[in-house]
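# Tertiary structure, described
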Amino acid sequence: MTISFGGLASGIDTEALISGLMGAERIPLNQLRSRVSGLESAKSRMSDILSKISAVGKAAGELEDSSGFNSFAATSSSTALVATANGLSSEGTYSFTIDKLAKEQRTISTGYTTSSAPLSQSGSLDITVGGDAAINVPINAGDSLADIAANINDSGARVKASVVYDGTDYHLMVRGDDSGAANAVTFGGTATLGLDVPANNLQTADDAQITLAGGLVITRSTNQFDGVIEGVSLTLKDQATGPVTVSVGRDGAAMKDKIKSLVTAFNDAISIMQSSTGYGALKASHEELTGDSAIRSATSRLSSVFTNPVPGLGGRYDMLASVGLHLTQNGKLELDEAALDKALADDVGAVERVFVGDPDNNIDGAMALLSTAVEKVATGDDSILQLRIDAMGDQADGLTDQADRLDRRLEDYEANLRKKFTALEVTIARINAQSGALTSLYNLSTNNSG
């Protein structure tokens, strides 16, 4: 335990003196701590930059291949058939007639006067769905219709059972889970409850069927038709009184939305990089990142995709700037929709090659080049910015260790100061005591001699 007399003997304010001395000694320590804080803040900002650049890569990926670039829209002339474009397709018009909708089987039992009282039947009900093995449902004398329905639902058969009331009698209704002729349900066993009677079959399991103009008949087990038109899903909703026309065309608005998303993502990334390092009259928001070479290199790599021709392409449209995507003087990306529309109207294939490239000739498009740039500067393990973050982390760790060592030395120094001042106070107190004693003896001697 350290005892401090606080200048009682000497009259010196030792606490203020120690505080002043320690304040001066802690200046280098505070500078180290401040530098570590700055590095940690810079690392956090760098992580934000990585996130923004990753968004650029994601937006580029939406336009990197033909299925992404060539957005299509499908429309139907009737609500009975819904057409949805979900991939790469071809422009065209198709006419269909809806012959029938897909249905699941629905069968009812014999009628009973109660749904909750025991039926006094015992045996088993065998349920077979399509080509699957029969599933046996035991029926006991004490089971009611409601009990049997619950047992069927717990059996694992691809059916659902419920109790329905027709106003006079209660019936067990069994409905197949799956539509399509291949999923017909048959009943057997020693207690079928009339489910095996043909007249009790309310709805037969059946396939959906449409006919393409010209006579091509197409069937599916559900009301979903995929693959009839490449890149388009057709869903039957109802019967139609006449032919239904499906039109498939390019969705220019969807394509532009993807390009606009790229513009937004790129500009967000450029903005945070410029504000972090300083740009023009804009002061850097983080001192540690002022003029940072890694960030400037990342900016240059990303921007070069928009300022250079796509290697391997030639002709009028060979770079993003030629189809309306160009950098402004402040380094931001801008879409000239009029220029894009003109290029699409002039040669949509050439515009596609700028974005997508020419796989047949091993030519990468601008979006693949941009994705590669994103990986090299931000998302790859050895990317420029990730290595910079790692370096700042190592630097912060080193400075933290240095600060911790200095902090321990300062603690020892302060403890030593207190010991010295305490010793000084003890010495002065002793001298004062001796001086007081001598003064007393002198006074006593003087008084006696008088």
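Residues numbered from 1 in each chain as written. Predicted model: local features only at pLDDT ≥ 70, side-chain atom pairs only at ≥ 80, totals over all residues. Heavy atoms only, no water.

### Topic: the overall build of the chain
Heads up, the rule is: Secondary structure counts use DSSP, requiring at least four H or I residues in a row for a helix and at least two E residues in a row for a strand, with both numbered from the N terminus. In this treatment the radius of gyration is a C-alpha quantity, and the globule benchmark scales as 2.2 Å times the residue count to the 0.38 power. Here the term buried applies to any residue with accessible area under 20% of the maximum for its type, exposed to any over 50%, and partly exposed to those in between, with areas from a 1.4 Å probe on protein chains only. For this analysis, residues touch if any pair of their heavy atoms sits within 4.5 Å.
On a plain count of helices and strands, the chain comes out with 9 helices and 19 strands. Taking 22 Å as the expected radius of gyration for a compact globule of 450 residues, we find that the chain reaches 43 Å, considerably beyond that expectation. Across its three principal axes, the chain shows a C-alpha extent of roughly 150 × 80 × 35 Å. Across the 450 residues in the chain, those meeting the buried criterion constitute 36%. Sequence separation of at least 24 residues holds for 69% of the intrachain contacts in the chain that already meet a minimum separation of 6.

### Points about the sheet that holds strand E10 (residues 201–203)
What counts, and what does not: Any two strands with at least two DSSP-identified bridges between them are counted as paired. Helix axes use the C-alpha atoms of the stretch in contact, all axes being lines fitted to C-alpha atoms, and the angles between their N-to-C directions lie in the range 0 to 180 degrees.
With antiparallel pairing, 4 strands are arranged side by side in an open sheet as E7-E8-E4-E10. One side of each edge strand has no neighbouring strand; the edge strands of this open sheet are strand E7 (159–165) and E10. Taking each pair of neighbouring strands and ignoring which way they run, the sheet shows an average axis angle of 25°. Relative to strand E8 (residues 170–176), strand E4 (residues 106–108) is paired through 3 bridges, and the arrangement is antiparallel. Residue pairing in the sheet places isoleucine 108 in a bridge with methionine 173 of E8. Relative to E7, helix H4 (residues 145–153) is tilted by about 165°, and along the sheet it contacts E7 and E8.

### Considering the sheet that holds strand E9 (residues 185–189)
Taken together, the 3 strands give an open sheet; going across it, the order is E6-E5-E9, and neighbouring strands pair in antiparallel fashion. Bordering the open sheet on either side are strand E6 (135–139) and E9, each of which pairs with just one other strand. Neighbour to neighbour, the strand axes of the sheet diverge by 25° on average, direction disregarded. Pairing between strand E5 (residues 123–129) and E6: 5 bridges, direction antiparallel.

### Some words on a negative patch on the surface
Note the following rule: Every patch collects residues that have over 30% relative accessible area and no salt bridge, joining them within 9 Å if they carry like charges and within 5 Å if they are nonpolar side chains (Val, Leu, Ile, Met, Phe, Trp, Tyr). Note on areas: these come from Shrake-Rupley sampling with a 1.4 Å probe, and a residue is covered only by the protein chains present in the view. For this document, the term salt bridge refers to a Lys or Arg side-chain nitrogen within 4 Å of an Asp or Glu carboxyl oxygen. By the counting rule applied here, Lys and Arg register as positive and Asp and Glu as negative, while His and the ends of each chain are not counted. Where a charge lies is defined by one atom per residue type: Lys uses NZ, Arg uses CZ, Asp uses CG and Glu uses CD.
Together, Glu375, Asp381, Asp382, Asp390, Asp394, Asp397 and Asp401 give the surface a local cluster of negative charge. For aspartate 382, the position within the fold is in the loop between helix H8 (366–379) and helix H9 (384–449).

### Here we look at the nonpolar core
Within soluble globular proteins, side chains that are nonpolar generally end up buried alongside one another. As a reminder of what qualifies: As used in this record, nonpolar core signifies buried Ala, Val, Leu, Ile, Met, Phe, Trp, Tyr and Cys residues forming a set joined through side-chain atoms within 4.5 Å.
Ranked by internal contacts, the top residues of the largest apolar core, which has 67 residues, are Ile53, Met273 and Phe355. At the level of secondary structure, the elements contributing two or more residues to this core comprise helix H1 (14–25), helix H2 (27–61), helix H5 (252–277), helix H6 (293–307), strand E17 (333–335), helix H7 (337–356), H8 and H9. Apart from the residues lying within four places of it in its own chain, the contact partners of isoleucine 53 are Ala269, Met273, Leu302, Val374, Val377, Ala378 and Leu385.

### Side note on the pairing of E5
The buried count for E5 comes to 5 of 7 residues, which makes it a mostly enclosed element. Counting the residues in the hairpin turn of E5 and E6 gives 5 residues, including glycine 130, whose phi is positive at 55°. The pairing of E5 with E9 spans 5 bridges and is antiparallel. In the sheet register, aspartate 126 faces E9, and the bridge partner there is glycine 188.

### Details of the pattern of salt bridges
For the structure shown, the criterion picks out 13 salt bridges. Here glutamate 288 and arginine 35 are joined by a salt bridge, their closest N and O atoms 2.5 Å apart. Of this pair, glutamate 288 sits in the loop between H5 and H6 while arginine 35 sits in helix H2, and the two are 253 residues apart along the sequence. For arginine 35, a relative accessible area of 34% gives the class partly exposed. One network of salt bridges, in which partners are shared, links Arg158, Lys160, Asp177 and Asp178.

### A closer look at H6
Threshold: A helix is expected to span 1.5 Å multiplied by its residue count minus one. Pairs of N or O atoms are called polar contacts if they sit within 3.5 Å, as long as, within protein, a hydrogen donor faces a hydrogen acceptor (for residues adjacent in sequence, only side-chain-to-side-chain pairs).
Helix length check: H6, at 15 residues, gives a terminal C-alpha distance of 20 Å against a target of 21 Å (1.5 Å per residue), a fit within 8%. Its side-chain oxygen at 3.0 Å from the backbone nitrogen of alanine 294, aspartate 292 defines the N-terminal cap of H6.

### Topic: the confidence of the model for the chain
Let me state the cut-off plainly: Each residue carries a pLDDT value, the predictor's own confidence for that position, ranging from 0 to 100.
Put simply, the chain has an average pLDDT of 89, and 97% of its residues get 70 or more. This stretch, residues 1–5, has a pLDDT under 50; its non-local contacts, to residues over four places away or in other chains, come to 8 contacts.

### Structural notes on H1
Quick reminder of the rule: Of all possible arcs, the one meant is that of the directions from the helix axis to the C-beta atoms.
With 12 residues, H1 should cover 16 Å at 1.5 Å per step; its first-to-last C-alpha distance of 16 Å lies within 8% of that length. Taken together, the buried positions of H1 are occupied by Thr14, Ile18 and Met22. Down the axis of H1, the sector holding all buried residues measures 65°, keeping them to one side.

### Some details on the environment of lysine 256
Along the chain, lysine 256 turns up in helix H5. For the pair formed by lysine 256 and leucine 216, sequence separation is 40 residues and the distance between their alpha carbons is 36 Å. Setting aside chain neighbours within four positions, we find lysine 256 in contact with Glu337, Leu340 and Asp341.

### As for the environment of glycine 214
The topology assignment puts glycine 214 in the loop between strand E11 (208–212) and strand E12 (216–220). Residues glycine 214 and valine 426, spaced 212 residues apart in sequence, show a C-alpha to C-alpha distance of 116 Å.

### Remarks on the side chain of glutamine 105
Note that glutamine 105 resides in the loop between strand E3 (92–100) and E4. Only 3.1 Å separates the side chain of glutamine 105 from the side chain of threonine 107, close enough to count as a polar contact. Discounting chain neighbours no more than four positions away, the residues touching glutamine 105 are Val174, Arg175, Gly176, Ala184, Val185, Phe187, Asn201, Gln203, Thr204 and Ala205.

### Some details on the packing of H2 against H8
Applied cut-off: Here roughly perpendicular refers to angles of 65 to 115 degrees, roughly parallel to angles under 35, roughly antiparallel to angles over 145, and oblique to all remaining angles. Handedness of each helix crossing follows the sense of rotation of the near helix against the far helix: counterclockwise by less than a right angle gives left-handed, clockwise gives right-handed. Gly counts as polar in this scheme, as do all residues outside two lists: the nonpolar Ala, Val, Leu, Ile, Met, Phe, Trp, Tyr, Cys and Pro, and the charged Asp, Glu, Lys and Arg.
At a closest axis distance of 9 Å, the pairing of H2 and H8 adopts a crossing angle of 160°. Between H2 and H8, the crossing angle belongs to the class labelled roughly antiparallel. Both H2 and H8 take part in a crossing whose hand is left-handed. Residues Leu50, Ile53, Ser54, Val56, Gly57, Ala60 and Gly61 of H2 touch H8, and the partners they reach there are Met367, Leu370, Ser371, Val374, Val377, Ala378 and Thr379. Looking at the contact of H2 with H8 residue by residue, the classes come out as 9 nonpolar, 5 polar and no charged.

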